[in-house]
Amino acid sequence: MEGKDLVLKYFRDNITSTSGEKIFFSPGRVNLIGEHIDYNGGLVFPCAIDKGIYGCVKKNSTGKLNLFSANFPSTKCSIKLDELEYDEKHEWMNYPKGVLKSIFELTDQKSGFDIAYYGDIPNGAGLSSSASIELLTAVIANAFLGLNLSMLDMVKLSRDVENKYIGVNCGIMDQFAVGFGKKDKAILLNCETLEFDHVPFELNEWTLIITNSNKRRELADSKYNERRSECESALKMLNTQIDAENLCKVSESDLEKHKNLLTENEYRRAFHVISENRRTIYAAEALKKGDIRLFGRLMNSSHISLKDNYMVTGKELDSLALNAQKMDCVCGSRMTGAGFGGAVISLVQNSSIDLFKNELGQIYEKECSLSADFYTVKASDGAGEI
Ligand code: GLA
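Because the structure is a prediction, the values reported are computed rather than measured.

Here we look at helix 8 (residues 264-288)
Here is step 1 of the chain: Relative to the 36 Å expected for 25 residues at 1.5 Å per residue, helix 8 spans 36 Å between its end C-alpha atoms, a close match to the ideal helical length.
Here is step 2 of the chain: Backbone geometry just downstream of helix 8 places G290 in the positive-phi region, at approximately 75 degrees.

Let's talk about the packing of aromatic side chains
Here is step 1 of the chain: Going through the model one piece at a time under the given rule, you end up with 16 aromatic pairs.
Here is step 2 of the chain: Taken together, the ring pairs in this structure connect Y10, F25, Y54, F68 and Y118 into an aromatic cluster.
Here is step 3 of the chain: Positioned above the aromatic ring of F144, the side-chain terminus of K22 is 5.5 Å from the ring centre.
Here is step 4 of the chain: Across from the ring centre of Y267, 4.5 Å away, lies the NZ or CZ of K259, which sits over that ring.

Focus on the site of the ligand
Here is step 1 of the chain: Taken together, the residues surrounding the ligand are R29, E35, H36, D38, Y39, C170, G171, M173, D174, Y224, G337 and A338.
Here is step 2 of the chain: In the environment of the ligand, an oxygen atom lies 2.6 Å from a nitrogen or oxygen atom belonging to the side chain of E35.
Here is step 3 of the chain: Starting from 310 Å² of accessible surface for the ligand in isolation, the protein chains cover 93%.
Here is step 4 of the chain: Counted by class, the shell around the ligand contains five nonpolar, three polar and four charged residues.

What counts and how
Residues numbered from 1 in each chain as written. Predicted model: local features only at pLDDT ≥ 70, side-chain atom pairs only at ≥ 80, totals over all residues. Heavy atoms only, no water. Helix = DSSP H or I, 4+ residues; strand = E, 2+ residues; numbered from the N terminus. Expected span 1.5 Å × (residues − 1). Phe/Tyr/Trp six-rings, centres within 6.5 Å; stacked < 30°, edge-to-face > 60°. Lys NZ or Arg CZ within 6 Å of the ring centre and 35° of its normal. Near = heavy atom within 4 Å. Polar contact = N/O pair within 3.5 Å; in protein donor to acceptor, adjacent residues only side chain to side chain. Areas by Shrake-Rupley, 256 points an atom, 1.4 Å probe, with all protein chains shown as cover. Nonpolar A, V, L, I, M, F, W, Y, C, P; charged D, E, K, R; others polar.

Put into structure tokens, the structure is as follows:
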């Protein structure tokens, strides 16, 4: 059964059998290149993927949110609209609660909803399942309450929910990619101005494959915050000598010139950010010219910099990306997302996909005693009704 049919079945079986429901889809995302750049004001290059979360919805007049997820069937629950405060016990339901709470603060139009969710992206794999359910809930509320919020409004609202309600200090990339995804296009986003360009993502004889390391992202939030503050303090020190609104505005020569102001770690983080931002510009140019091999080489260097300078990869992501990089059927491989576990993306020759999965799967199991999952994905449209 397709995701759309499955979510309808879950809705009918677990929430209500009456008709009149609508179905929505919200994608996950991968970042092709430009990692740990969004909160440093530079360019990122993500795309939405054709795996994500489906939502089947009806308004109700009971003043309650009746939520069900096929992925977490034991947590079905009914919540009053005036009880939308964050509650740890509500686990994944805090995402829809947080989004609806923020939306209800913008309007007099409140309503209860019956929503069944079904996701075909793995949680905790760094593919932005949280941004996906946030945007999904935002587009649902926008459509049913007739609010006319723009996609950018909903992207910002979802990012604020993640920062202030959930308490994860992320940048805007994930919500933006999930909201503004477009079939067969990647999104070159300037995170300072929020200007963006949909770049054709045409891979011809190559296929984009996600490998989930199945390594739990332990310490991900605390390490993420640590990296953010290292970047902030590097900028602060550099600003004693040069004007730059963000780290991506610092030139490589200025960084070298004022290296002595920074600790070893601050210097490495800044070096990654400045070089990664430049790689992202080159990668977008390479893609526009159809030079996938150059694009792949830039992906490889991105991973090395995330490993050696930003230090966010770890044994598992290194095993997957570095072994993939050695394979003849691969033209580029790198971790995607925050790191510290999660997923790797690779560009693999169409004719060698099975070989790639078998060989890399075996090496990974031997090196890390974990089994990897593989997903073939395409760039897809952003969140909306289907
Ligand atoms: C996570 C965050 C994003 C971004 C990436 C790293 O996915 O949610 O905002 O910072 O890490 O590029």
